[in-house]
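Letter by letter, the chains look like this.
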Amino acid sequence: MAEKALNQQIYIWEGTDKKGSRTKGETKGVSLTMVKAELRRQGINPSKVKKKPKALFGSKTKKIIPKDIAVFSRQMATMMSSGVPLVQSFEIIGRGHDNPSMQTLIMTIKSDVEGGSSLSEALAKHPRYFDELYCNLVRAGEQAGILETLLHKIAIYKEKVEAIKGKIKKALFYPTAVIVAAFIVTTILLYFVVPQFQALFQGFGADLPALTQMVIDMSKFTQTYWWAMLLTIGGAIFAFIESKKRFPKFNHFLDRLALQFPIFGAIINKAAIARYARTLATMFAAGVPLVEAMTTVAGAAGNIVYSNAILRMRDDVATGITLQMAMRQTGLFPNMVVQMVAIGEEAGSLDAMLSKVADFYEEEVDNAVDGLSSLMEPMIMGVLGVLIGGLVIAMYLPIFKMGQVV
């Protein structure tokens, strides 16, 4: 029902205000009845309300992305720390948002809160945007009477997580984009350019160099079986996506492989440790019991290998084993992290120590990504040079050879 409420319509209305003056405008609502009720609540007596016709072109609904939720969290924290009431905060943020979908989501939550639901209950109706961690932290803040403080912690958490996700995507996007571009350029050369040279070489009456002949054979294969290549690539992508959706063991294999991958594996390891430390620090600082918090932390780890390890740690901690000992037994956490957690447990400042670990590893990810970008650029240029340059040289070798004979 809550997800359905996101599909609100835009209504055009006309009516009179409290002074009796005629007025008109647009508003969003789930139904005609609710729009009329909202207008009356604002002191407007509606005389005509109808749905706004949808534009045929140019009307695109923006998707809600995690960055939108992070910005919303920061805005809510700022509003509440300034003393603005909860419902009014929703009204201000919702009306001023650039993304219509996000605006609708915020106004839907506002309606639920006005209807008597707690903020955590209203957010829980939209699990696609507010996960279990988010709702648990808000609930803890409501119960302890420190919602404003918890919203600040949530805002920091979301901003940090999105920043580290952005770094990982940045590290992976550049080489992937270059590889795809190189494949497309190579295919175009083999399909359109090489056949022109082949027609030219047929009149030479001499054997072609081995490299040239190999490229021509590749071109013939591409021209004959281009459909099979497209089907194979499309089928592989489809099978990969479906396998990720349907087979947990396949996901586990991919996540384990990602951690062992050269260069990238170190970045993914550090990012997983940073997310673990940041999430657990936020949950623990909110007063959530350690065992209960670790269940949510496992879901937010971002890697199945770490998620399974955290769940094992949770079971160990539940039996009385210290957190640092449980972490050491997994073999995933560096000695420095384990030692800092041990100090935090002994000093009663576990959340502060975990925050320091998160800060350190987030900076490590930043530095690693920057270093990787500098390292990848000359390597990628070298690969492109060999690939594209090799094709060009292969096509001109017979011409050079003919020139030498002449």
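Residues numbered from 1 in each chain as written. Predicted model: local features only at pLDDT ≥ 70, side-chain atom pairs only at ≥ 80, totals over all residues. Heavy atoms only, no water.

Help me understand helix 4 (residues 100-114) in this model?
Count 3.6 residues to each turn of an α-helix, and residues three or four apart come out pointing the same way. The end-to-end C-alpha distance of helix 4 is 21 Å, a good match for the 21 Å that 15 residues give at a rise of 1.5 Å each. Most of helix 4 is tucked away: 12 of the 15 residues are buried. Those residues of helix 4 that sit buried are Ser101, Met102, Gln103, Thr104, Leu105, Ile106, Met107, Thr108, Ile109, Lys110, Asp112 and Val113. Considering only its buried residues, helix 4 is in contact with strand 2 (22-29), helix 1 (32-41), helix 2 (66-81), helix 3 (86-96) and helix 5 (119-124). Measuring from the backbone nitrogen of Ser101 back to the side-chain oxygen at the start of helix 4 gives 3.0 Å, which picks out Asn99 as the cap. Of the residues one or two after helix 4, Gly116 is the one with positive phi, at around 115°. (Helix = DSSP H or I, 4+ residues; strand = E, 2+ residues; numbered from the N terminus. Expected span 1.5 Å × (residues − 1). Buried < 20%, exposed > 50% of the residue type's maximum accessible area, 1.4 Å probe, protein only. Contact = heavy atoms within 4.5 Å. Polar contact = N/O pair within 3.5 Å; in protein donor to acceptor, adjacent residues only side chain to side chain.)

So what exactly am I meant to see when it comes to the pattern of salt bridges here?
When the charged atoms of two side chains with opposite charge come close together, those side chains can pair. In the structure shown here, the tally under the stated rule is 12 salt bridges. Where Glu364 meets Lys270, a salt bridge forms, and the shortest distance between an N and an O atom there is 3.3 Å. Here Glu364 is found in helix 15 (residues 350-405), whereas its partner Lys270 is found in helix 10 (residues 264-285), with 94 residues between them in sequence. On the basis of relative accessibility, which here comes to 22%, the residue Lys270 falls in the partly exposed class. (Salt bridge = Lys/Arg side-chain N within 4 Å of Asp/Glu carboxyl O.)

What is the right way to read the side chain of Asp68 from this model?
You can see Asp68 is positioned in helix 2. One buried charged side chain, Asp68, makes no salt bridge at all; its nearest oppositely charged neighbour is Lys67, positioned 7.6 Å away. At a separation of 3.3 Å, a polar atom in the side chain of Asp68 contacts the side chain of Asn99. Setting aside its immediate chain neighbours within four residues, Asp68 contacts Lys63, His97, Asn99 and Met102. (Lys, Arg positive; Asp, Glu negative; His and termini not counted.)

What is the right way to read the confidence of the model for the protein from this model?
Do not read the predicted coordinates in detail wherever pLDDT is low. For the protein, per-residue confidence averages 82 on the pLDDT scale, and residues scoring 70 or more make up 93% of the total. When the criterion is pLDDT under 50, residues 1-6 qualifies, and its contacts beyond four places in sequence or with other chains add up to 14 contacts. Contacts from residues 55-59, a stretch scored under 50 in pLDDT, to residues over four places away or in other chains number zero contacts. (pLDDT = per-residue confidence, 0-100.)

What should I look at first to understand the packing of helix 2 against helix 3 in this one?
The axes of two packed helices give the description: the angle between them and the distance between them. Contact geometry for helix 2 and helix 3: axes closest at 10 Å, N-to-C directions at 135°. The orientation of helix 2 relative to helix 3 falls into the category oblique. For helix 2 against helix 3, the interelement crossing comes out right-handed. Contacts between helix 2 and helix 3 pair Phe72, Gln75, Met76, Met79 and Met80 from the former with Leu86, Ser89, Phe90, Ile92 and Ile93 from the latter. When grouped by side-chain class, the residues that make up the contact of helix 2 with helix 3 number eight nonpolar, two polar and no charged. (Axes fitted to C-alpha atoms, helices over the stretch in contact; angles between N-to-C directions. Parallel < 35°, antiparallel > 145°, perpendicular 65-115°, else oblique. Left-handed = near helix turned anticlockwise from the far one by under 90°. Nonpolar A, V, L, I, M, F, W, Y, C, P; charged D, E, K, R; others polar.)

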